[in-house]
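A structural walkthrough
Chain by chain, the residues:
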Amino acid sequence: MAAVDDFKFQEFDDAANLLAANPDAVTISIDEPTEKPKKKHGRLQESGREEDDELLGTDDSDKTELLAGQKKSAPFWTFEYYQTFFDVDTYQVLDRIKGSVFPVPGKNFVRLYIRSNPDLYGPFWICATLVFAVAISGNLSKFFIHLGKRDFHYVPDFRKVSIAATAIYAYSWLVPLALWGFLMWRNNKVVNIVSYSFLEIVCVYGYSLFIYIPTAILWIIPQKILRWVLMAFALCLSGSVLVMTFWPAVRDDNRRIALATVVTVVLLHALLAVGCLNVAASSSAKMFRMKRFMQRFWILLHVCLSTIIGKICMLFFPGTVKSYLLKHREKSGMGDNNPTFIYENWGPTFFSFSYLLFVLKVKWKRLEDEAFQGSSAPNTPVADLNGKMHCILDFMQDGWAFKNNIVIKSHRTLQDRIMAAQMLLKQQPLCPVVLDTMENLSTNKYAALPERLYVLQKGKVVYKGKPGPWHYCPQEVREFLEQLYM
């Protein structure tokens, strides 16, 4: 057995003496950990490249992925899944707000504040606060401008809330979504492009809007020049956060594409700032036009998306689309008495470009609807078959019933409408036949395009049918009239 002394630690001689005795020995040197000396780059471009890599966080990417993998992810349909997006403390939110208000040149906002724990709590409440700040400052500014005028009666404009909410939340979600998709696409084209996650981009955009909250509060001051100066100052601070965040992510792409991306980001940000200022400072008439524009824009998106999806389904699943359309036809009773009205004559026309334009026209016209059930009926001008002008309420009488559906082609002149009305008179209808003006005032006020049924009584709208072709139901009108005169 070995002696106890053989296991005791022994103090070795100097390394130089040991190596002299045995020059072929292998030695290992263990020193205290020290900082690695920084490499000196001879060229300024290489130095800038290293700084950009550090800003993008490429050195810590493995650590970030490891930390992200340690988090337990719940299924997306559970409450716990969305709860993780709001798992942030007050100090983190305040620190991120401070970083967005006082951006440091050369520092990446995502790496410094977001990447460790991206959240939706801050962006959601920042957007909500900004919505009410813009709306309240706009109403208060209007009050202070007209304060002291005898003929002024203050009425708060709540449309500012809805318009500001639509614009701000749409911007803070749709623009990051488009930018994220673009970066993912370019990441497949250019290997060196570093792409942020969608949650990180939403977080950056949300916190970058904080500076507009105190700016919007100062818009209460009724000085137009001061408002624009404040808006420009906030835009510079907020836009610099976006530029310093997304420029390193596209710097390795084609120079024109990279510049176009950053310029687009800044222009969209400036458009939001100008829009918020206009909402806060606009009059009631201007607010109405802005609201109508937003409604038309959303209708455009909805119709385009629906047409694209319908066209794709018609190409890949023609049988399913045919069954769906025929089911709606049976439900509406459209073309039941017309043997030539077969699917091959009208089904393939759905989801075409002409279909898109017509549906878009119909939905935009419905925005001018002023005929509501229980309210006064619009007394719009109409023309008789001799071209003489009347009002639509002049032809009100009892006992009207709609029996047959007459197909009338579109027309461009009043004479075309008179000729179409002659076709209707051959069916001997039991009600007066009148023509809308070429300005389509009745069509617009009653939202009648492409076809709609109303029942008017004593100047009131007592029945308002649903728009055709799917919801056009004469039988429902007949049942209503029978109940009305029982």
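Residues numbered from 1 in each chain as written. Predicted model: local features only at pLDDT ≥ 70, side-chain atom pairs only at ≥ 80, totals over all residues. Heavy atoms only, no water.

For clarity, the threshold we go by: UniProt positions are given in the numbering used here, feature names are shortened, and annotations may be inferred rather than shown by experiment.
Per an unreviewed UniProt entry, the protein chain goes by Protein YIPF1 and derives from Ophiophagus hannah. What UniProt states about the protein chain under its Sequence similarities (unreviewed entry) heading is, verbatim, "Belongs to the YIP1 family." The Subcellular location (unreviewed entry) field of the UniProt record for the protein chain holds the comment "Golgi apparatus, cis-Golgi network membrane".

**What about the nonpolar core?**
Definition in use: By convention a nonpolar core is built from buried Ala, Val, Leu, Ile, Met, Phe, Trp, Tyr and Cys residues, the set being connected through side-chain atoms within 4.5 Å. Type-normalised accessible area, obtained with a 1.4 Å probe on protein chains alone, sets the label of each residue: buried when under 20%, exposed when over 50%, and partly exposed for intermediate values. Elements are defined by DSSP. Helices are runs of H or I of four residues or more, strands are runs of E of two residues or more, and each kind is numbered from the N terminus. Residue contacts are defined here by distance: any two heavy atoms, one from each residue, within 4.5 Å place the two residues in contact.
Judged by nonpolar contacts, the single largest core of 53 residues is most densely connected at V134, I168, Y205, L209 and W219. Where this core is concerned, the elements lending two or more residues are α5 (90-101), α6 (109-114), α7 (121-145), α8 (159-189), α9 (198-208), α10 (212-218), α11 (224-250) and α12 (255-281). In contact with I168, not counting residues within four places along its chain, are C127, L130, V131, L209, L272 and C276. With 7 residues, the next largest nonpolar core counts V321, L325, F350 and F351 among its residues.

**A look at the pattern of salt bridges**
To be explicit about the condition: By definition here, a salt bridge exists when the distance from a side-chain nitrogen of Lys or Arg to a carboxyl oxygen of Asp or Glu is within 4 Å.
Under the counting rule described, the total for this entry stands at 4 salt bridges. With a shortest N-O distance of 2.7 Å, R186 and D253 are connected by a salt bridge. One end of the pair, R186, is in helix α8; the other, D253, is in the loop between α11 and α12, and 67 residues separate them in sequence. Each member of the pair, R186 as well as D253, is classed as buried. With a shortest N-O distance of 2.7 Å, R251 and D252 are connected by a salt bridge. Given the relative accessible area of 10%, R251 is considered buried. D252 gets classed as partly exposed once you look at its relative accessible area, which sits at 25%.

**Digging into the sheet that holds strand β3 (residues 435-436)**
Quick note on the threshold: DSSP bridges decide pairing: two strands pair if at least two such bridges lie between them.
Spatial strand order, β2-β1-β3: 3 strands in an open sheet with antiparallel pairing. Looking along the sheet, the strands with just one partner apiece sit at the ends: β2 (389-391) and β3. Here 3 bridges tie strand β1 (residues 381-383) to β2, and the two strands are oriented antiparallel to one another. Bridge assignment links A383 to a residue of β2, and that residue is M389.

**Things to note about a nonpolar patch on the surface**
Put simply, the rule is: Patches draw on residues past 30% relative accessible area with no salt bridge. Two like charges within 9 Å are joined, as are two nonpolar side chains (Val, Leu, Ile, Met, Phe, Trp, Tyr) within 5 Å. Calculation of accessible area relied on Shrake-Rupley with a 1.4 Å probe; when residues are assessed, cover is drawn exclusively from the protein chains displayed.
A surface patch of nonpolar side chains, amounting to about 720 Å² of accessible area, comprises L174, L177, W180, M184, F293, F297, W298 and L301. Elements that contribute at least two residues to the nonpolar patch include exactly α8 and α13 (284-316). With respect to the helices, strands and loops of the structure, M184 is situated in helix α8.

**Concerning the packing of α11 against α12**
We apply this condition: Every axis corresponds to a line fitted to the C-alpha atoms, with the helix fit spanning only the stretch in contact, and the corresponding angles, defined between N-to-C directions, vary from 0 to 180 degrees. Convention used here: angles under 35 degrees read as roughly parallel, angles over 145 as roughly antiparallel, angles from 65 to 115 as roughly perpendicular, and any remaining angle as oblique. Crossing handedness follows the turn of the near helix against the far one: under a right angle anticlockwise gives a left-handed crossing, and clockwise gives a right-handed one. In this classification, Asp, Glu, Lys and Arg are treated as charged, Ala, Val, Leu, Ile, Met, Phe, Trp, Tyr, Cys and Pro as nonpolar, and every other residue, Gly included, as polar.
At a closest axis distance of 9 Å, the pairing of α11 and α12 adopts a crossing angle of 150°. By the criterion of interaxial angle, the relationship of α11 to α12 is roughly antiparallel. For α11 against α12, the interelement crossing comes out right-handed. Split by residue class, the contact of α11 with α12 holds 17 nonpolar, 4 polar and 2 charged.

**Overview of α5**
Because each turn of an α-helix spans 3.6 residues, side chains separated by three or four positions in sequence point in the same direction. This is how it is decided: In a helix, the anticipated span is given by 1.5 Å times the number of residues less one. Counting of polar contacts relies on pairs of N or O atoms within 3.5 Å, with two restrictions inside protein: one atom must be capable of donating a hydrogen and the other of accepting it, and residues adjacent in sequence are counted only when both atoms are side-chain atoms.
Over its 12 residues, α5 extends 16 Å from the first C-alpha to the last, a length consistent with the 16 Å expected when each residue adds 1.5 Å. Buried within α5 we find V93, R96, I97, G99, S100 and V101. For α5, the elements touching its buried residues are α6, α7, α9 and α11. Where α5 begins, one side-chain oxygen reaches toward the backbone nitrogen of Y91, 3.2 Å away; that side chain belongs to D89.

**Notes on the confidence of the model for the protein chain**
What counts is decided by this rule: What pLDDT expresses is the predictor's confidence in each residue, scored from 0 to 100.
Averaged over every residue, the pLDDT of the protein chain is 76; residues scoring 70 or more account for 75%. When the criterion is pLDDT under 50, residues 31-51 qualifies, and its contacts beyond four places in sequence or with other chains add up to 5 contacts. In this model, residues 54-71 is a region of pLDDT below 50 whose contacts with residues beyond four sequence positions or in other chains number 19 contacts.

**Points about the UniProt feature "transmembrane region" (unreviewed entry) in the protein chain**
The UniProt record annotates "transmembrane region" (unreviewed entry) at residues 120-140, 161-185, 197-221, 228-250, 256-277, 297-321 and 341-360. Between the first and last C-alpha atoms of residues 120-140 the distance is 30 Å; the span itself is 95% helix and 0% strand.

**Considerations on the side chain of N117**
Within the secondary structure, N117 sits in the loop between α6 and α7. Within the structure, N117 has its side chain in polar contact with the backbone oxygen of D87 (distance 2.9 Å).

**Description of the packing of α7 against α8**
Running from N to C, α7 and α8 point in directions that differ by 145°, and their axes come no closer than 9 Å. In the packing of α7 onto α8, the handedness of the crossing is right-handed. On α8, the residues touching F124, C127, A128, L130, V131, F132, V134, A135, G138 and N139 of α7 are K160, V161, A164, A165, I168, Y169 and S172. For the contact of α7 with α8, the per-class residue count stands at 13 nonpolar, 3 polar and 1 charged.

**Some points on the packing of aromatic side chains**
Going by this rule: Ring pairs shown here join Phe, Tyr and Trp side chains whose ring centres sit within 6.5 Å, with only the six-membered ring taken for Trp; geometry is labelled stacked below 30 degrees between planes, edge-to-face above 60, and tilted in between. Each ring is checked for a lysine NZ or an arginine CZ that lies within 6 Å of its centre and within 35 degrees of its normal; such an atom marks a charge sitting over the ring.
A complete count under the given rule lists 16 aromatic pairs for this structure. Pairing Y205 with F246 gives two aromatic rings, centres 5.9 Å apart and planes at 35°, and the pair type is tilted. Linking Y205 in helix α9 with F246 in helix α11, this pair joins segments that are 41 residues apart in sequence. Considered together, Y205 and F246 belong to a single accessibility category, that of buried residues. Of the aromatic side chains, those joined through ring pairs into one cluster are Y171, Y196, Y205 and F246. Here the guanidinium or amino end of R186 rests over the ring plane of W185, the centre of that ring lying 4.8 Å away. Seen from the ring of W364, R296 lies directly overhead, with NZ or CZ sitting 4.9 Å from the centre.

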